[in-house]
Amino acid sequence: MTKQPAALTAWTGASSYPYVTGAALTVGTAVELGFFPGSLTMELAVLVCAASLMWRRACPPVGLLTVAAALVSFGADTALSLSAMVCGPMGCYVLARHRVLHPALLVAGGAFGALSVNLVHIASWARDDRLPDVPALGEAGSLSLFTETFGLSAFVLAAVALGDAVRSRELARSERELAHAQVIGMERRQAAEAERAAIARELHDIVAHSVSMIAVQAESASYTTPDLSPAAREGFQQIAGTARSSMAELRRLLGVLHQDGSAGTAPQPTLARLADLIEQHRAVAGAAELTVTGERVSLAAAWELSAYRIVQESLTNVRKHAPGARASVALGYGRDRLTITVADDGPGPAPGGEPAGHGLPGMRRRAALVGGTLAAGPGPSGGFLVQAELPW
């Protein structure tokens, strides 16, 4: 298929349609006046009537000028030009379709204009000696003098009714499209909720069962294993406690995924629980210390949770990539920001960059969510260093 030039496409597009048709009507009016000339007032009025339709979409109230010019052109001459017969009802249609005025006002105004033109014609007929049989108003047969009023009023009524019908149809179509979009949105939300419920069930069936088994086996091993040292028994108890905490955290997350939220909604962890997190790390991974500087302030829940998760993930990375290393966690409360530093004295990152996985990208996203930054890399004296700044 041959592609149309851009200029031709723009000129023949929907936005240019009123200008094209209005210009065509104006040219047609000029041709008609060339064959059937009239008075100067009539010719100017009918040209204005046609030309004004070029702006009917950009400025719908111009339809008032169109209708007025059509009535003036008919009032100036006793013969109604074909252009006025076409353009006048189009002006009424535009006014009704765009609801410039209420349809009842448009019909009433059009009828009044038709009556005014008819009265001008009646006065001219009474003065015309070539029409001796014109009855005076009030005499028998004078009602026939108002045929023009009824005819023009019928034109106005038909054009207004058509414009109002088109407007009603467009509004109904818009409402149907809106309702359809709302139904689609509701179906998508329901599908997403169903998918979240399915994910929650899968997590519960796979992960929750495994973690609960870890807790049960670790706790039972501390009592059933003979000749178990106190340190080993304490280690088993710490494993069981950590597994139970993980189960509680998992249930809270599943509650978010469940459609009905039937699972528990435990409060989110905050920095007030950081000491417990450090103790859990000491119990299973070795030495760790916590240092807090500055005057502690109560932060919003999002900041508290982000800081806690950054420290939690950093300690997890220490246990995973530097087992047995000594970890240090430092919180610094400044005037407008919280500084988090987590360091260890392990071997540091392997040559070639950061450890692979989702831990560090996840921490960076948590910092970015509250407008903060996070940097990670080798420490100045070895090991691995995580530094985050969370402004508030």
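This text gives an overview of the structure that appears in the document. (Residues numbered from 1 in each chain as written. Predicted model: local features only at pLDDT ≥ 70, side-chain atom pairs only at ≥ 80, totals over all residues. Heavy atoms only, no water.)

## Some remarks on the nonpolar core
Ranked by size, the top nonpolar core spans 28 residues in total, and within it Val311, Leu315, Leu338 and Ile340 carry the most contacts. Sorting elements by how many residues they give to this core places helix H10 (residues 301–321) first, with six residues. Once residues within four sequence positions are removed from consideration, Leu315 is found in contact with Leu277, Ile278, His281, Ala327, Val329 and Val342. One finds Val46, Ala50, Ala69 and Cys87 within the second-largest nonpolar core, a separate group that totals ten residues. (Core = buried A, V, L, I, M, F, W, Y, C linked by side-chain atoms within 4.5 Å. Buried < 20%, exposed > 50% of the residue type's maximum accessible area, 1.4 Å probe, protein only. Helix = DSSP H or I, 4+ residues; strand = E, 2+ residues; numbered from the N terminus. Contact = heavy atoms within 4.5 Å.)

## So, the side chain of Glu148
Relative to the assigned elements, Glu148 resides in helix H7 (residues 147–224). Here Asn118 takes part through its side chain, which lies 3.5 Å from a polar atom of the side chain of Glu148. If sequence neighbours within four positions are ignored, Glu148 has contacts with Phe74, Thr78, Asn118, His121 and Trp125. (Polar contact = N/O pair within 3.5 Å; in protein donor to acceptor, adjacent residues only side chain to side chain.)

## Quick notes on the sheet that holds strand S1 (residues 288–293)
The strand order across the open sheet formed by five strands is S1-S2-S3-S5-S4, and the pairing between neighbours is mixed. Edge strands, defined here as strands with exactly one partner in the open sheet, are S1 and strand S4 (373–378). The average angle at which neighbouring strand axes cross in this sheet is 10 degrees, direction not considered. Where S1 lies against strand S2 (residues 327–333), six bridges are found, and the strand directions are parallel. Residue pairing across strands places Thr291 opposite Ala330, the latter belonging to S2. Running over the sheet, H10 touches S2, strand S3 (337–344), S4 and strand S5 (384–391) and is turned about 10 degrees from S3. On top of the sheet, helix H11 (residues 359–369) reaches S4 and S5; it is set at about 150 degrees to S4, its chief contact. (Pairing = 2+ DSSP bridges. Axes fitted to C-alpha atoms, helices over the stretch in contact; angles between N-to-C directions.)

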